[in-house]
Amino acid sequence: MAKKLILCDCLGSQKIDANTLASVTGLQCDKTLSDACGSQIETTAKAIEDGDVMVACQQQARLFSELAEEVGASAPAFVDIRDRAGWTAKGQEPTPKMAALLAEATLSRPAEKTLDIQSQGACLVIGGTEAALKAADDLSSALAVTLLLPEATDTDVLGDFETVAGHLHRAEGTLGQFSLRIDAFQNVIAGGRGTPTWTEPKDGALSECDIILDLSGGQPLFPAPEKRDGYLRAAPGSVPAVADAVLQASQMVGTFEKPLYVRLEEPLCAHSRAEKPACTKCLDICPTGAITSAGEHVAIDPLICAGCGACSALCPSGAITYDAPPVGTLFNRLHTLASTYRNAGGSAPRLLLHDDYFGAEMISLAARYGRGLPADVIPLSVSALAGFGHAEMLAALATGFAQVDILLAPKTERGVIEDEVALAIAVCGTSAIRLLDISDPDALSDALYDTSVADPVAEPVLPIGTRRQVTRLAAKALQPDAEILPLPAAAPYGAIVVDQDACTLCLSCVSLCPSGALGDNPDNPQLRFQEDACLQCGLCSNICPEKAISLTPQLDLTDAAFTQKVLHEEEPFACVECGSLFGVKSTVERITEKLAGNHAMFSSPETIRMIQMCDNCRVQAQYHSDNNPFASKDRPRVRTTDDYLSKRKDH
């Protein structure tokens, strides 16, 4: 049986076509209410009591959840079609967008993967101001507080907390497991009259705590401090900021669920090979320092990761993927929104990507007090804007969206998104992707209403596969006649160029290529390349002893990208002894020319000739030469019993 949909036109303030919504989405809708949270709340309660209900109102979600609890029913699902669709400018037809939002809300979401974090409430308060002293005193009733002063003081520090002095040299970790090193550490000596006395300063004192409240007013202890769980920081002179930080700290006791934002598949990582550097994109962009080098691959500390998603957007190999939810879920949401919009009578939808907080509030304010969103603009909320990379942007256009607008939040990692937009525009060949750096709801509406939109893709595609596969699929749909697309520098797609005059076919690049894009021919001296597999990680150019390899960022949309082509080949050398082929002719000749008469070990024709032999013949020639280094004296005769007996007779 289909899920029941509770619709309400909110006192007649929005137009709702229940029949069309039901037929397009497959949801069951008996009638449209007008005051579901007020005078018609009994009707709403009866529908919720019947179970399996979706309420098309987000504003009163708390009220309807409490109502479900009262009638003994499970909590209903919620979707907002009023602020995001119904409250729009006069003359706009919101039904196709409403249908799209309802269909997207019915999609199943994978369960969130989490990790439990334990906090016992051990709190370190840093600072020597009155604000720090008061914060330590306020928290001491709820937490085990230690106040760290910048230096020992003669003033009594009274309170139910421990007081120490010193310089915090190092702080590592996150909520529930901070580790600290304090230099010039001093303890108050208990007992005695008068002013407090302190122990002698000591460097290298080690300690641990669960929470850090930094009221020092200095530099933050961690990069991206607002993203570090358990680390609270406020300017000591700001009373509201300090009060808010104290309140947050008091609640950080117990067991917490930490989302596992990203997934790492180590074998796919192209970070390095044989201690030679390659891709470092995730290391360079991680704002919290959660990603570190671990040899041939990177390592991600899930407790420090704040889930910005930038690493997954930039990873060329797909070793790092966003997993909260997985990228396949996002592709499915995009396809559902675009296809349902068309099925409900719409023709050219636009996508407005925004975050769960700032963007959602901007849309709500624009709808309540202004023109709201245009009827063809479908909002999509994601938890990590920086994780919406070029593959996702191209997938949106390829599924049928005419334009993709990304509403930036104040704390969005903009550098990543700007680079990904540039890459996506290079692939799609249009300016149908743009960033909106707007903080005024009315200005947001104006920017969306005053935009001319091009036609969407003629034949929408279904985005399935990895991000690299979806990018290629989308590019072919958006530019069906294109063959090779030039891309910006540092793009994760491209070819390599080999200087044939410099290349000696040593094949060190082949042995270390992390993706297998470079290959050889076991029968002939050849360097082969498959462009579709190339990650542009740069390892081949980094390790080439002759500096013969350079990178060319591009996207080859022809079938030639899936085949191996020969970049460089030479004639093999024939062994002067047995005639078998080995090595490269030019290399053997070059070595012979450089060593003949110029090296003590190759001063005779016999030794020079060995250079031109295959492995087997070279060993044989060396063994039978006059100065064989493996030669030794004749083996002694084996002694027998008669030898021992004759020796005994002599004595």
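For the structure, check the block above.
Residues numbered from 1 in each chain as written. Predicted model: local features only at pLDDT ≥ 70, side-chain atom pairs only at ≥ 80, totals over all residues. Heavy atoms only, no water.

K.L.:
Just to check I follow, could you spell out the packing of helix H12 (residues 390–398) against helix H15 (residues 467–478) for this structure?
P.N.:
Interaxial distance between H12 and H15 falls to 9 Å at its minimum, and their mutual angle equals 40°. The angle between H12 and H15 falls in the class oblique. As for how H12 packs across H15, the hand of that crossing is left-handed. From H12, His-390, Ala-391, Glu-392, Leu-394, Ala-395, Leu-397 and Ala-398 reach across to H15, where they touch Arg-467, Val-470, Thr-471, Ala-474 and Leu-478. Here the residues of the contact of H12 with H15 sort into 8 nonpolar, 2 polar and 2 charged. (Axes fitted to C-alpha atoms, helices over the stretch in contact; angles between N-to-C directions. Helix = DSSP H or I, 4+ residues; strand = E, 2+ residues; numbered from the N terminus. Parallel < 35°, antiparallel > 145°, perpendicular 65-115°, else oblique. Left-handed = near helix turned anticlockwise from the far one by under 90°. Contact = heavy atoms within 4.5 Å. Nonpolar A, V, L, I, M, F, W, Y, C, P; charged D, E, K, R; others polar.)

K.L.:
What is the right way to read helix H5 (residues 95–105) from this model?
P.N.:
Note on helix geometry: an α-helix contains 3.6 residues per turn, so any two residues three or four positions apart are oriented the same way. Among the 11 residues in H5, 10 count as buried, and that is most of the element. Taken residue by residue, H5 has Thr-95, Pro-96, Lys-97, Met-98, Ala-99, Ala-100, Leu-101, Leu-102, Ala-103 and Glu-104 as its buried positions. Lining the buried residues of H5 we find strand S1 (4–8), helix H1 (18–25), strand S3 (53–55), helix H4 (82–86), helix H10 (327–343) and strand S22 (377–382). (Buried < 20%, exposed > 50% of the residue type's maximum accessible area, 1.4 Å probe, protein only.)

K.L.:
Teacher, can you tell me more about the environment of Asp-323 here?
P.N.:
For Asp-323, the position within the fold is in the loop between strand S20 (320–322) and H10. Residue Asp-323 is classed as buried on the basis of its relative accessible area of 10%. Each C-alpha atom, one on Asp-323 and one on Asp-376, is 30 Å from the other, the two residues being 53 residues apart in sequence. There is a polar contact of 3.1 Å between the side chain of Asp-323 and the side chain of Lys-113. (Polar contact = N/O pair within 3.5 Å; in protein donor to acceptor, adjacent residues only side chain to side chain.)

K.L.:
It is not clear to me how H10 should be interpreted in this structure. Could you clarify?
P.N.:
Taking 1.5 Å as the rise per residue, H10 with 17 residues should run 24 Å; its terminal C-alpha atoms sit 24 Å apart, in good agreement. Looking one or two residues past H10, Gly-345 carries a phi angle of roughly 105°, positive in sign. (Expected span 1.5 Å × (residues − 1).)

K.L.:
I would appreciate a short explanation of the nonpolar core in the present structure.
P.N.:
As a rule of thumb, nonpolar side chains are buried together in soluble globular proteins. Counting residues in each nonpolar core, the largest one holds 63 residues, and the members touching the most others are Leu-7 and Ile-406. At 7 residues, the largest contribution of residues to this core is made by H10. Ile-406 has contacts with Leu-353, Leu-385, Phe-388, Met-393, Ile-417, Val-421, Arg-434, Leu-435 and Leu-436, leaving out every residue within four places of it along the chain. Ranked by size, the runner-up nonpolar core spans 27 residues in total, among them Cys-534, Leu-539, Cys-540 and Leu-567. (Core = buried A, V, L, I, M, F, W, Y, C linked by side-chain atoms within 4.5 Å.)

K.L.:
Honestly, the sheet that holds strand S23 (residues 403–407) in this entry has me stumped. Any pointers?
P.N.:
Two pairing modes exist for strands in a sheet, parallel and antiparallel, and in both the strands are linked by backbone hydrogen bonds. Taken together, the 4 strands give an open sheet; going across it, the order is S22-S21-S23-S24, and neighbouring strands pair in parallel fashion. The sheet is open, and its two borders are formed by S22 and strand S24 (433–436), each paired with just one other strand. Each adjacent strand pair in this sheet contributes to an overall mean axis angle of 25°, direction not counted. The pairing of strand S21 (residues 350–355) with S23 spans 4 bridges and is classified as parallel. The partner of Leu-351 across the bridge, within S23, is Val-404. (Pairing = 2+ DSSP bridges.)

K.L.:
Help me understand the pattern of salt bridges, please; the structure alone is not making it clear to me.
P.N.:
When the charged atoms of two side chains lie near each other, side chains of opposite charge can form a pair. Scanning the model with the defined rule gives 21 salt bridges in all. Between Asp-183 and Arg-181 there is a salt bridge, and its shortest N-O distance comes to 3.3 Å. Since its relative accessible area comes to 28%, Arg-181 is described here as partly exposed. Ionic contacts of the salt-bridge type, sharing partners, join the residues Lys-4, Lys-46 and Asp-50 into one network. (Salt bridge = Lys/Arg side-chain N within 4 Å of Asp/Glu carboxyl O.)

K.L.:
Where do I start with unusual backbone geometry in this structure?
P.N.:
Note: most residues except glycine have negative phi, and most peptide bonds are trans. The omega angle of the peptide bond from Ala-324 to Pro-325 is 5°, so this bond is cis rather than trans. Examined against the element boundaries, Pro-325 turns out to sit in the loop between S20 and H10. The phi dihedral of Ala-184 is positive, around 55°, even though this residue is not glycine. On the secondary structure map, Ala-184 appears in strand S9 (residues 178–189). One non-glycine residue, Lys-547, lies in positive phi territory at about 55°. Tracing the chain through its elements places Lys-547 in the loop between helix H17 (539–543) and strand S29 (549–556). Lys-547 gets classed as exposed once you look at its relative accessible area, which sits at 61%.

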